[in-house]
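Residue-level structure breakdown
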Amino acid sequence: MLSEFSASEILSLLYFSTPVVLLGLLWSWESWAAFKPFSGKSRYRHALHNLSLAVLNSLLLGLLFGTIVEETSRWTLAHQWGLLYQLPLSPLWQTLFAILLLDAWMFCWHWANHQIPFLWRFHRMHHSDPHMDVSTATRFHWGELGISTLLRLLLIPLLGLQSWQLVLYGILVFLSTQLHHANISLGRADRFYRWLFVSPDMHKIHHSRIPQETNSNYSTIFSLWDRLARTYRMRLDLKTIDFGLPHFDQPQWQTLLGMWKTPFIRPPVLPGEQDQEST
């Protein structure tokens with residue numbers, strides 16, 4: 001049966017099925033053994049908002065960029081452009097190197113989203129989620145994803161990336177991000193897992209509302225980038241972490257419309273900040 005499908009078709013099937021299957025598995029895990037209590041109607045409402053946003057993002061980005069990304073990859077392949085075509089690598093090593101380069105780029109892009117105010121306006125919507133769970137992995141503003149895709153159009157010919165390598169990396173990103181956003185714990189295994197990969201405990205710190213913790217642990221798949229950049233941070237009392245952003249605690253910012261509006265508004269002034277300004 002598998003012989004009837006090409007490798008690219010199998011990858012495409014996995015690309016679309018992996019996040020759905022993993023979402024169901026991790027949702028069940030959260031229901032059975034949640035790291036932080038979060039249940040009832042609010043949990044379903046929270047997931048509905050995040051997942052609705054993800055579906056709309058996928059439709060919008062697919063319409064805007066689906067064809068051009070594929071054509072850019074084909075042009076790169078036809079002209080043998082990019083770093084990977086200049087290196088004497090076997091197909092296996094070329095693919096492994098492509099994944100490493102893409103993951104290094106994702107680290108740099110994530111870091112930039114925290115350091116550049118214009119980019120942070122879009123990325124802060126992801127961090128404004130006060131209840132981190134597997135659905136948070138899908139919570140990104142279409143503006144952030146659109147800018148990222150435009151930059152990737154330059155990255156494809158620069159590195160010599162093929163479309164199936166992008167799909168393969170996308171599958172690995174789904175596996176990693178849904179796991180490390182999930183409201184679960186790997187227990188003692190986490191400390192071994194995070195030596196190589198981004199773990200749930202490691203990424204929980206990144207979603208803390210303490211700025212020093214928010215601005216750490218930027219890696220997507222491999223944790224080595226944070227170790228190399230000295231942005232790696234851990235703490236012991238993970239259950240005391242408060243998720244979200246203090247300026248976006250109100251329920252209005254957790255609705256679909258509120259999430260869309262997040263980059264385009266001036267954050268509300270907190271009472272303590274108001275008192276500070278008036279003195």
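Looking up the chain in an unreviewed UniProt entry gives the name Fatty acid hydroxylase superfamily protein, with the organism given as Gimesia panareensis. The UniProt entry for the chain carries the following text under Subcellular location (unreviewed entry): "Membrane".

This next bit is on a nonpolar patch on the surface. A cluster of nonpolar side chains, Val55, Leu56, Leu59, Leu60, Leu64, Trp142, Leu257, Trp260 and Phe264, forms an exposed patch at the surface whose accessible area comes to about 860 Å². Sorting the residues of the nonpolar patch by element identifies α2 (41-79) and α12 (256-261) as the ones contributing at least two each. Here the nonpolar patch gets five residues from one element, more than from any other, and that element is α2. Along the polypeptide, Phe264 turns up in the loop between α12 and α13 (271-278). Look at Phe264 and you get exposed, because its relative accessible area is 51%.

Now for the layout of surface pockets. A volume near 1800 Å³ is recorded for the largest pocket. As for the largest pocket, its lining consists of 49 residues, and the residues nearest its centre are Tyr15, Leu61, Arg152, Gly170 and Phe174. Counting residues per element, the ones that place at least two in the lining of the largest pocket are α1 (7-32), α2, α4 (91-115), α5 (117-127), α6 (142-159) and α7 (163-181). Examining the composition of the lining of the largest pocket, we find that twelve residues originate from one element, α7, more than from any other.

Our next topic: the nonpolar core. The biggest cluster of nonpolar side chains holds 17 residues, and the ones touching the most others in it are Leu102, Leu161, Leu166, Tyr169, Ile221 and Phe222. Secondary structure elements with two or more residues in this core: α4, α6 and α7. Of all the elements, α4 adds the most residues to this core, at five residues. Residues within four places of Phe222 in sequence aside, it is in contact with Ile99, Leu100, Asp103, Leu196, Phe197 and Val198.

So, about the environment of Leu14. Its place among the elements puts Leu14 in helix α1. Judged by relative accessible area, Leu14 falls into the partly exposed class, the value being 37%. A sequence separation of 57 residues divides Leu14 from Glu71, and the C-alpha atoms of the two residues are 21 Å apart.

Glancing now at unusual backbone geometry. The residue Gln80 is not glycine, and still its phi comes out positive at about 55°. Mapped onto the elements of the fold, Gln80 is located in the loop between α2 and α3 (83-86). The class for Gln80 is partly exposed, based on a relative accessible area of 42%. Its identity as a non-glycine residue notwithstanding, Asn217 has a phi of 55°, on the positive side. Looking at the element boundaries, Asn217 is found in the loop between α10 (211-214) and α11 (224-229). Exposure remark for Asn217: the relative accessible area of 0% places this residue in the buried category.

Calculation notes
- Residues numbered from 1 in each chain as written.
- Predicted model: local features only at pLDDT ≥ 70, side-chain atom pairs only at ≥ 80, totals over all residues.
- Heavy atoms only, no water.
- UniProt positions renumbered as here; feature names shortened; annotations may be inferred.
- Patch = residues over 30% accessible without salt bridge, like charges linked within 9 Å, V, L, I, M, F, W, Y side chains within 5 Å.
- Areas by Shrake-Rupley, 256 points an atom, 1.4 Å probe, with all protein chains shown as cover.
- Salt bridge = Lys/Arg side-chain N within 4 Å of Asp/Glu carboxyl O.
- Helix = DSSP H or I, 4+ residues; strand = E, 2+ residues; numbered from the N terminus.
- Buried < 20%, exposed > 50% of the residue type's maximum accessible area, 1.4 Å probe, protein only.
- 1 Å grid on protein atoms, 1.4 Å probe; cavity = no way out; pocket = protein on both sides within 12 Å on 5 of 7 lines; lining within 4 Å.
- Points joined across faces, edges and corners; volume = space filled by probe spheres on them.
- Core = buried A, V, L, I, M, F, W, Y, C linked by side-chain atoms within 4.5 Å.
- Contact = heavy atoms within 4.5 Å.

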